Each structure stands twice: as structure tokens, then as C-alpha cells.
Amino acid sequence: MQIVQQLLFVAALGVTSWLISKRIGIIKKTIQLGKAENRTDRPSERLSTMLRVAFAQKKMFDRPVVGLMHFIIYAGFLLINLEVLEIVLDGIFGMHRLFAPILGSFYPILINFFELLAVGVLTVCVIFLIRRNITKVERLQPARHRELNGWPVLDANTILSIEIVLMIAILSMNAADSILQERSVEHYHQVGRFFFSGFLTPIFSGLSDGALVVLERIAWWAHILGIFGFALYVTYSKHLHIFLAFPNTYFTNLAPKGEMPNMPDITKEVKIMLGLEQPDTTEVPAEIGRFGAKDVADLSWKNLMDAYSCTECGRCTSACPANITGKKLSPRKIMMDTRDRLEDVGKNMLANGGEFKDDGKSLLGDYILEEEILACTTCNACVQECPVLINPLEIILQLRRYKIMDEAQAPGSWNAMFNNLETNQAPWKFSPDDRFNWADNIKS
């Protein structure tokens, strides 16, 4: 019987690993569709940023209570996985509590600590479900934010429910295991008492040895298969940020938030026009490509990684002045729409042997509306608020640049401003010579 369990476990591990690697490959390919961009400068500063923001969850604690609860889940995810390592090795080698003889008296202390984390994760997940579905935190409600309708709400509730089931499974497994240890049942060696799962032992103590073994095995399999399923599921979920938060914060833009990069080719032409630079007569003029971005391939690879890293927490949208005043713009929706487009592109590539075939759609128009990008005030509130340093503004600016410079479609009031900037070096329609007339009026 034991060898059958081992074979089943190895098969489950192999299938899960294959499916995850295949999914990661698609995500990698879609991110690589983006334009090249160097984000490897100042490595020590980047490492420091990653450790502070992704590892230490610094920006989450801008809202201390929620930050603490999120940190409990985060710590539980990182540390309980050490026990998962033991379970995986037990499954492969047909052992039971492989690390117990190695760690000796420290083993029950470690398991009790894991159980403390499990109880903490279970409690916080229940609280988060209540916040979403009963007390109804405004920024998490689809009635107010259309981007959350359908799958996003189901996704959030599903992942919280899965985590609750996983924590109950590990506590039930340990409770049944403790009783079997006390009864000196073969294969269940004494390793010490477990505190939190001990509260469940009175519920199971009336069961026979055989029933307890079945219960322990069911809980063991439920926990480890749940972990496998969870690992695969997160690659399709917003919870992919669990993994991508680290590279995403490392490769963040280190320039000041208010700095908007110009297009080098256009900057060069303007400098030549103003006499600030001489044209290179020996150089063959390169054809300037698309201005800005119409589809995901026009964005940088980092913009696309941002989309996959979005947690859908809505902090950006709750701080957006355009959204607060009732306009259609939602920075969270910008990121979710970009990710949806990437998902569709990925499916297209899967169906066509790894190559993308034009599907007649584009990010701008089919996913993100012109009205949304024109509503942005470029205030950087969304960039400031994001707990994993996502920059929705970069995508908005690139889409807007395409709409105005490539399609020459800008609101009339914007065109008037552009003309004034070109002729008067100011947004207002008066001569630069008259710029300080207001000061003369004050003197008189």
C-alpha cells in the first residue's frame, strides 16, 4: 500500500511541476513581447528596495491594521512551506515526519510555531472574507468598480477559501497524528505534543485506530494536493504577485516619480530644430516607428510584468482623483485590462505554435477606452500608493502618446494648449513679452 501512495505522490508532483512550468513559460513569453528596457543599473539600491518593499512589506504598513494581517498571511506562506518540504520528502520516500529524528526536541517547537502561523492565517482569511462580502470595503466592491465584476471577486474569495481549507487540513492532520502517537500505532512515532491541533483531539479521540489513520491520510493528501493545486492556480490568479512582487520591486523605476521620459528620436529632432544640436549628415535617418503604444507589444517588458504583478487591491484607484470624481479612469482597471490582453495574446500564441497571429484587437480601444486615458491628471497618486511599486501611469502615458501623436486625435482644448506651447512657450494665448504684465499692474 505504501509503494502505491509513493507512486501516486510522485505522479501528482510530476504533473503539477509540468503544468506550472508550462504556464510559467507562457507568462515569460508574453512579458518578453514588450520592448527592451534597461533596469539593471544601481543594483545595491534595487536590492534594498526589493528587501524593504517586497520582503519586509513596507508599503503595506501605510495602513497598519491591514498591513499586519497581510503580513501574517505572508509570513505563514513563507514559513509553513518549510513543513511542506518535509511533507514532499515524506511522500517521495514513503517516510513519516522525516525531520523529527534530525531536529530532536526542537521538532515539536517548530511544528507548534507552524501551527501558530496556521491559526493566524486561518483567522486573517476569515476576516478578509468578512471585509469583502459582509462589511463590504468600498474599493473591493464590483458595484462601484466595474473591473471587479465576475472573475476577480470569485478569484479573491476562492483563494481565501482554499487557504482556510489548507490550514484546517494541516491542523486536522496533526490532531489525528497526535492521538495515533499516544496509542503507539505503527508508523506514528512519538515526536511530542502539538498545542493548537491539541484543541481538536477531543473531537477525534473516540475514533478507532483505523479511522484515525484514514483521517490523518485524508488530511495529509488534502493538504499536499491543495498546495499543488494552489501553486498551479496562482499562476492564473492575481495572487501571482506572491512571486512576482520580488522581481517587480527589484526592477522598479528608480527615477523621480514626476520624471516623464521623452522619445529620444523626437528629442533629437527638436534639438536640431532649435540649433542645440547639429545633424549627423553621415548617418542614414532611421525610420521612426510607432509613437507611444497601441498594443502590449508597444509597451516595455517592465510594463507587462507590472500587469502580471497587480494585486487588485485597489489602493491606486481609491487614491485616484479622476476616479474619486466619478470619471471612468481606474488605474487598477488599466493594469487588469493590460493583463487580460496579455492572457488573450498568450492563448493566441498557444493556439499558433508559439507565434502571435493578428486577432484584429489592440489594448487601446478593445480593452482600454480613450475616455479612461484622457481622464488621467498624471498626479502619480496611483504610483505612490501601490504596495508592489507598479506604475499604471507609464502605460497611460504611452497609450495617450499614441492617440495624440500617431493618430492625431486630441481634445480641442489640448490642441489649443499644444499650439500655445509651440508659439508662446506657455499654455496661454499671449506673447512671451507680455508674460510679466500682471506684475506691472500690481506696481501701479
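Look up a bit, the structure's there.
Below, the structure is looked at part by part. (Residues numbered from 1 in each chain as written. Predicted model: local features only at pLDDT ≥ 70, side-chain atom pairs only at ≥ 80, totals over all residues. Heavy atoms only, no water.)

By convention here, two paired aromatic rings are described through the distance between centres and the angle between planes. All told, the structure shown has 14 aromatic pairs when counted by the stated rule. Pairing Phe77 with Phe230 gives two aromatic rings, centres 6.3 Å apart and planes at 50 degrees, and the pair type is tilted. One end of the pair, Phe77, is in helix α3 (residues 64–93); the other, Phe230, is in helix α8 (residues 209–233), and 153 residues separate them in sequence. When its relative accessible area of 23% is taken as the criterion, Phe77 is described as partly exposed. Ring centres 5.3 Å apart and planes at 85 degrees place the aromatic pair Phe251 and Trp301 in the edge-to-face group. With a gap of 50 residues between them, Phe251 in the loop between α9 (241–250) and α10 (264–273) and Trp301 in helix α11 (residues 301–309) connect regions that are remote in the sequence. On the accessibility criterion, Trp301 (18% relative accessible area) is buried. Put simply, the rings of Phe9, Trp220, Trp221 and Phe228 touch in pairs and so form one group of aromatic residues. A cation sits over an aromatic face here: Arg217 above Trp220, 4.6 Å from the ring centre. (Phe/Tyr/Trp six-rings, centres within 6.5 Å; stacked < 30°, edge-to-face > 60°. Helix = DSSP H or I, 4+ residues; strand = E, 2+ residues; numbered from the N terminus. Buried < 20%, exposed > 50% of the residue type's maximum accessible area, 1.4 Å probe, protein only. Lys NZ or Arg CZ within 6 Å of the ring centre and 35° of its normal.)

Looking now at empty space enclosed by the protein. By the definition in use, this model includes five cavities of 30 Å³ or more. For the largest cavity, the calculated volume is near 90 Å³. Forming the boundary of the largest cavity are 13 residues, of which Cys310, Cys313, Cys316, Cys386 and Ile390 lie nearest the centre. Residues belonging to the lining of the largest cavity are distributed by class as follows: ten nonpolar, two polar and one charged. Its boundaries defined by the atoms lining it, the second largest cavity holds a volume of some 80 Å³. If you trace the second largest cavity, you find 14 residues lining it, with Cys320, Cys376, Cys379, Asn380 and Cys382 closest to the centre. (1 Å grid on protein atoms, 1.4 Å probe; cavity = no way out; pocket = protein on both sides within 12 Å on 5 of 7 lines; lining within 4 Å. Points joined across faces, edges and corners; volume = space filled by probe spheres on them. Nonpolar A, V, L, I, M, F, W, Y, C, P; charged D, E, K, R; others polar.)

It is worth spelling out the layout of surface pockets at this point. A volume near 1000 Å³ is recorded for the second largest pocket. Those elements that provide at least two residues to the lining of the second largest pocket are α3, α5 (106–133), α6 (151–182), α8 and α9. Broken down by element, the residue count for the lining of the second largest pocket peaks at eleven residues, all from α3. In the lining of the second largest pocket, the residues fall into 29 nonpolar, seven polar and six charged.

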